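What follows is the residue order along each chain.
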Amino acid sequence: GAGVSQSPRYKVAKRGQDVALRCDPISGHVSLFWYQQALGQGPEFLTYFQNEAQLDKSGLPSDRFFAERPEGSVSTLKIQRTQQEDSAVYLCASSFRDRVESDTQYFGPGTRLTVL
Amino acid sequence: GDSVTQMEGPVTLSEEAFLTINCTYTATGYPSLFWYVQYPGEGLQLLLKATKADDKGSNKGFEATYRKETTSFHLEKGSVQVSDSAVYFCALSERGADGLTFGKGTHLIIQP
């Protein structure tokens, strides 16, 4: 299929390790979003890309979180010096147009990060 | 800031029962409203949406009407099936905002 894919699906890290989470959006989609979903909660917005430009990173919880989308397609969310509170499912979504509030966002299956 | 409140779960119903999951929102502007569903082991997928007042979104027998006067977007289905068992999320998106604002989700369990 041509949906949003994420890898790895599961990641276990020791506290203090760095991790990198990958997102492959639907081909041709301009907008890419990252969300963090804690257990039993709804997803919370982290950051937004329009093509390769990161236009909003207001939801990133600390400067240990960094995201990039250098060629306007694949995106990587990096977390440095992981902490236990970083344990969550990280969701990636893409949409066809840019910053249109009515557009459908298509979600990937998520990466479940567990920090021990 | 924007927020979405939806009824706490789990909600347990028998097959063919009528379903309502309540959703109310707080927004500074005039948002678009969405229901997303997450089936077991799968990712979030859009169920339905409405972009202006009095619009009704519908899909797979589910409906929700955008009620600006009560700031609500309640999800309804006339006769649920076991296959409807999932977690349902109400969400909004405001003009100029860069992401969706989600509720906490409602876990629906349909028993045969």
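Criteria and thresholds
- Residues numbered from 1 in each chain as written.
- Chains lettered and ligands numbered in written order.
- Predicted model: local features only at pLDDT ≥ 70, side-chain atom pairs only at ≥ 80, totals over all residues.
- Heavy atoms only, no water.
- Pairing = 2+ DSSP bridges.
- Helix = DSSP H or I, 4+ residues; strand = E, 2+ residues; numbered from the N terminus.
- Axes fitted to C-alpha atoms, helices over the stretch in contact; angles between N-to-C directions.
- Phe/Tyr/Trp six-rings, centres within 6.5 Å; stacked < 30°, edge-to-face > 60°.
- Buried < 20%, exposed > 50% of the residue type's maximum accessible area, 1.4 Å probe, protein only.
- Lys NZ or Arg CZ within 6 Å of the ring centre and 35° of its normal.
- Salt bridge = Lys/Arg side-chain N within 4 Å of Asp/Glu carboxyl O.

Draft legend 1. Region of interest: the sheet that holds strand β3 (residues 19–24) of chain A. Residue and element names in this part refer to chain A. Strand order in the open sheet formed by 4 strands is β1-β3-β8-β7, with antiparallel pairing between adjacent strands. Each edge of the sheet is formed by a strand with only one pairing partner; in this case those strands are β1 (5–7) and β7 (65–68). When the angles between neighbouring strand axes are averaged without regard to direction, this sheet yields 15 degrees. Looking at chain direction, β3 and strand β8 (residues 75–79) are connected through 5 bridges and run antiparallel. Its bridge partner lying in β8, Arg 22 is registered against Thr 76.

Draft legend 2. Fine view of the packing of aromatic side chains. In total, this model carries 14 aromatic pairs over all chains according to the counting rule given. Considering the side-chain rings of Tyr 35 of chain A and Phe 107 of chain A, the 5.5 Å spacing of their centres and the 40 degrees angle between planes classify their relative orientation as tilted. Of this pair, Tyr 35 of chain A sits in strand β4 (residues 31–37) while Phe 107 of chain A sits in strand β10 (residues 106–107); the two residues are 72 residues apart in sequence, bridging distant segments of the chain. The pair Tyr 35 of chain A / Phe 107 of chain A is uniform in exposure class, with both members buried. Through pairs of rings, three or more aromatic residues link up here, namely Phe 33, Tyr 35, Phe 45, Tyr 48 and Phe 107 of chain A together with Phe 34, Tyr 36, Phe 89 and Phe 102 of chain B. One Lys or Arg, Lys 68 of chain B, reaches over the ring of Tyr 30 of chain B and ends 5.4 Å from the middle of that ring.

Draft legend 3. The arrangement of the pattern of salt bridges in detail. Residue and element names in this part refer to chain B. Tallied over the full model, the rule gives 8 salt bridges over all chains. Residue Asp 54 is joined to Arg 67 by a salt bridge in which the shortest nitrogen-to-oxygen separation is 3.8 Å. Of this pair, Asp 54 sits in the loop between β6 (45–50) and β7 (56–59) while Arg 67 sits in the loop between β8 (62–65) and β9 (75–77), and the two are 13 residues apart along the sequence. You can call Asp 54 exposed: its relative accessible area is 52%. The closest approach of N and O atoms between Lys 77 and Asp 84, which form a salt bridge, is 2.8 Å. Accessibility classification places Lys 77 together with Asp 84 in one group, the buried group.

Draft legend 4. Up close: the sheet that holds β9 of chain B. All names here are of chain B. Read across the sheet, 4 strands follow the order β3-β9-β8-β7 without closing on themselves; strand pairing throughout is antiparallel. A single partner strand is all that each edge strand has here, and the edge strands are β3 (19–21) and β7. Here the average twist between neighbouring strands, direction ignored, is 20 degrees. Sheet topology places β8 next to β9; 3 bridges connect them, and they run antiparallel. By the bridge assignment, Phe 62 is partnered in β9 with Lys 77.

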